[in-house]
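Spelled out, the chains give:
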Amino acid sequence: MLAPATVANVVCGFDVLGFALNEPNDTMHLRLTEQPGVTIINEDDYNLPTEPARNVAGAALLAFLRAVPEPVGIEVRISKAIKPGSGIGSSAASAAGAVVGANQLLGNRFSKPELVEFAMYGEEVSSGVRHADNIAPGIYGGVTLIRATTPRPDIVPLSAPPLFVTVVHPQIEVKTSDARQILKQQVPLKLAIQQWGNVGALVAGLLQHDYDLIGRALEDVIIEPVRSILIPGFQEVKQGSQAAGALGGGISGSGPSLFMLSKDEATARAVEAVMHDVYERLGLDHHTYLTTIN
Ligand code: HSE
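Residues numbered from 1 in each chain as written. Predicted model: local features only at pLDDT ≥ 70, side-chain atom pairs only at ≥ 80, totals over all residues.

**Student:** Please clarify how the pairing of strand 1 (residues 2-8) should be interpreted in this entry.
**Tutor:** Side-chain direction in a regular strand flips from residue to residue, so the side chains alternate between the two faces of the sheet. The element strand 1 is extensively covered by neighbouring structure, given that six of its seven residues are classed as buried. Pairing of strand 1 with strand 2 (residues 17-33) involves six bridges; the strand directions are antiparallel. Counterpart to Ala8 in the pairing with strand 2 is Gly18. (Buried ≥ 20, exposed ≤ 12 C-beta atoms within 10 Å, placed from the backbone. Helix = DSSP H or I, 4+ residues; strand = E, 2+ residues; numbered from the N terminus. Pairing = 2+ DSSP bridges.)

**Student:** Please explain the sheet that holds strand 10 (residues 286-292) as it appears in this structure.
**Tutor:** Within a sheet, each strand pairs with its neighbour through backbone hydrogen bonds, oriented either parallel or antiparallel. The strand order 8-9-7-10 describes an open sheet built from four strands, whose pairing is antiparallel. At either end of the open sheet lies a strand with only one pairing partner, and these are strand 8 (248-251) and strand 10. Between one strand axis and the next, the sheet turns through 15° on average, direction left out of account. In the sheet, strand 7 (residues 164-170) pairs with strand 10 via seven bridges, with the strands oriented antiparallel. Bridging from a neighbouring strand, Val168 pairs with Thr288 of strand 10. Strands strand 7, strand 9 (258-262) and strand 10 of the sheet are contacted by helix 10 (residues 265-282), whose axis makes an angle of about 10° with strand 7. (Axes fitted to C-alpha atoms, helices over the stretch in contact; angles between N-to-C directions. Contact = placed C-beta atoms within 7 Å.)

**Student:** Is there a simple way to explain unusual backbone geometry in this structure?
**Tutor:** For residues other than glycine, phi is negative in most cases, and the peptide bonds are mostly trans. Of note, the bond from Glu23 into Pro24 is cis; its omega dihedral lies within 30 degrees of zero at 0°. Mapped onto the fold, Pro24 is located in strand 2. Residue Pro256 is reached from Gly255 by a cis peptide bond, and omega for that bond is 5°. Assignment of secondary structure puts Pro256 in the loop between strand 8 and strand 9. At Asn108, a position not held by glycine, the phi torsion is positive, near 50°. Of note, Asn108 is situated in the loop between helix 2 (90-105) and helix 3 (112-127). Positive phi values are uncommon outside glycine, yet His209 reaches one of about 55°. Its location among the elements puts His209 in the loop between helix 6 (189-207) and helix 7 (211-217).

**Student:** Please explain the environment of Leu163 as it appears in this structure.
**Tutor:** Topologically, Leu163 is positioned in the loop between strand 6 (154-158) and strand 7. On the basis of neighbour counts, which here come to 19 C-beta atoms within 10 Å, the residue Leu163 falls in the partly exposed class. With residues near it in sequence (within four places) discarded, Leu163 still touches Leu261, Thr292 and Ile293.

**Student:** Would you take a moment to explain the UniProt feature "domain: GHMP kinase C-terminal" (unreviewed entry) in the protein chain for this structure?
**Tutor:** Here the UniProt feature "domain: GHMP kinase C-terminal" (unreviewed entry) sits at residues 203-280. Helix makes up 54% of residues 203-280 and strand 12%, with an end-to-end C-alpha separation of 35 Å. (UniProt positions renumbered as here; feature names shortened; annotations may be inferred.)

**Student:** How should I be thinking about the site of the ligand in this particular structure?
**Tutor:** As a matter of local geometry, the ligand sits amid Ala8, Asn9, Phe14, Asp15, His131, Asp133, Asn134, Thr176, Ala179, Arg180, Gly253 and Ser254. Broken down by element, the residue count for the shell around the ligand peaks at three residues, all from helix 5 (residues 176-181). Counted by class, the shell around the ligand contains three nonpolar, six polar and three charged residues. A domain split of the shell around the ligand shows at least three residues from each of domain 1 (2-158) and domain 2 (164-292). (Near = placed C-beta within 6 Å. Nonpolar A, V, L, I, M, F, W, Y, C, P; charged D, E, K, R; others polar. Domains from an automatic or database assignment.)

**Student:** Looking at this structure, I do not really get the packing of helix 1 (residues 56-66) against helix 3. What am I missing?
**Tutor:** Describing two packed helices takes the angle between their axes plus the distance from one axis to the other. At a closest axis distance of 7 Å, the pairing of helix 1 and helix 3 adopts a crossing angle of 145°. Considering the relative orientation of helix 1 and helix 3, their crossing is right-handed. Side by side, helix 1 and helix 3 meet where Val56, Ala57, Ala59, Ala60, Ala63 and Phe64 of the first sit next to Phe118, Ala119, Tyr121, Gly122, Glu124, Val125 and Ser126 of the second. Split into classes, the residues belonging to the contact of helix 1 with helix 3 amount to 10 nonpolar, two polar and one charged. (Left-handed = near helix turned anticlockwise from the far one by under 90°.)

**Student:** So what exactly am I meant to see when it comes to the nonpolar core here?
**Tutor:** For soluble globular proteins, the rule of thumb is that nonpolar side chains tend to be buried together. Of all hydrophobic cores here, the largest spans 83 residues; its most connected members are Ala60, Leu61, Ala95, Ala96, Val99, Ala119 and Ile135. Residues from two domains meet in this core; each of domain 1 (2-158) and domain 2 (164-292) gives at least three. Once residues lying within four places of it in the same chain are set aside, the contact partners of Ile135 are Ala92, Ala95, Ala96, Val116, Ala119, Met120 and Glu123. (Core = buried A, V, L, I, M, F, W, Y, C linked by C-beta atoms within 7 Å.)

Structure below.
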């Protein structure tokens with residue numbers, strides 16, 4: 001099965017909005033084993049742990065198995081196309097793919113919110129926080145709003161108009177845990193008002209297929225000003241992409257990847273050219289994806 005990359009936050013919706021991409025996807029093969037418990041096989045050289053409790057897919061599967069009354073053994077073989085630490089939901093893809101695959105093996109006995117709950121244990125292993133804004137779109141597909149994660153996940157799938165997504169992954173490392181630690185714990189009321197205006201408008205813009213409103217709502221006055229300093233080329237990519245016709249965009253999850261949304265493919269290609277230009281000028285290795293919301 002394929003586990004998609006995801007873009008969390010979608011600029012203004014820190015921890016509450018995310019969408020799935022058509023590519024890249026991890027490939028995962030799961031099978032039941034005689035021996036109860038979880039077996040992880042990593043097919044790449046990313047040095048990811050294989051001990052289930054320390055592996056994101058493993059931690060998600062252990063949570064899944066705790067909810068299964070009979071003894072069950074699951075082996076998962078993971079081939080990663082989504083580079084760990086890229087900011088497009090690599091850990092979430094492993095965790096979400098693992099529980100979706102395991103659920104299929106056991107006759108789909110768990111609901112999507114339950115799968116989100118299990119997979120969040122994987123995110124906890126990776127970043128120390130059980131956020132669901134990569135996990136939920138990974139499991140539901142499309143765009144999702146996470147109204148709450150406690151006491152249980154309350155996920156709202158959102159319809160959206162056709163959108164092209166251009167992603168650039170500059171080859172630097174930004175750990176989600178570090179990118180969360182630098183955030184301020186208090187938000188001035190004035191900024192909170194601006195931010196919830198944008199989140200509401202983005203949701204409305206998506207549902208009403210109102211591209212202009214989507215563009216206006218892609219503004220983050222709380223997280224981006226703090227995090228963008230970690231990402232070389234951020235302002236140039238953003239300004240250049242908007243000049244090329246993108247609706248808007250920003251940091252994908254906690255970075256370092258940046259994403260831009262466009263109404264049509266030609267604009268998305270022009271945005272991709274802007275991204276190449278910026279990172280070539282900075283002499284920074286980078287990789288781009290031109291894709292759509294899945
Ligand atoms: N909402 C999370 C963050 C996403 O921004 O820290 C991490 O991919």
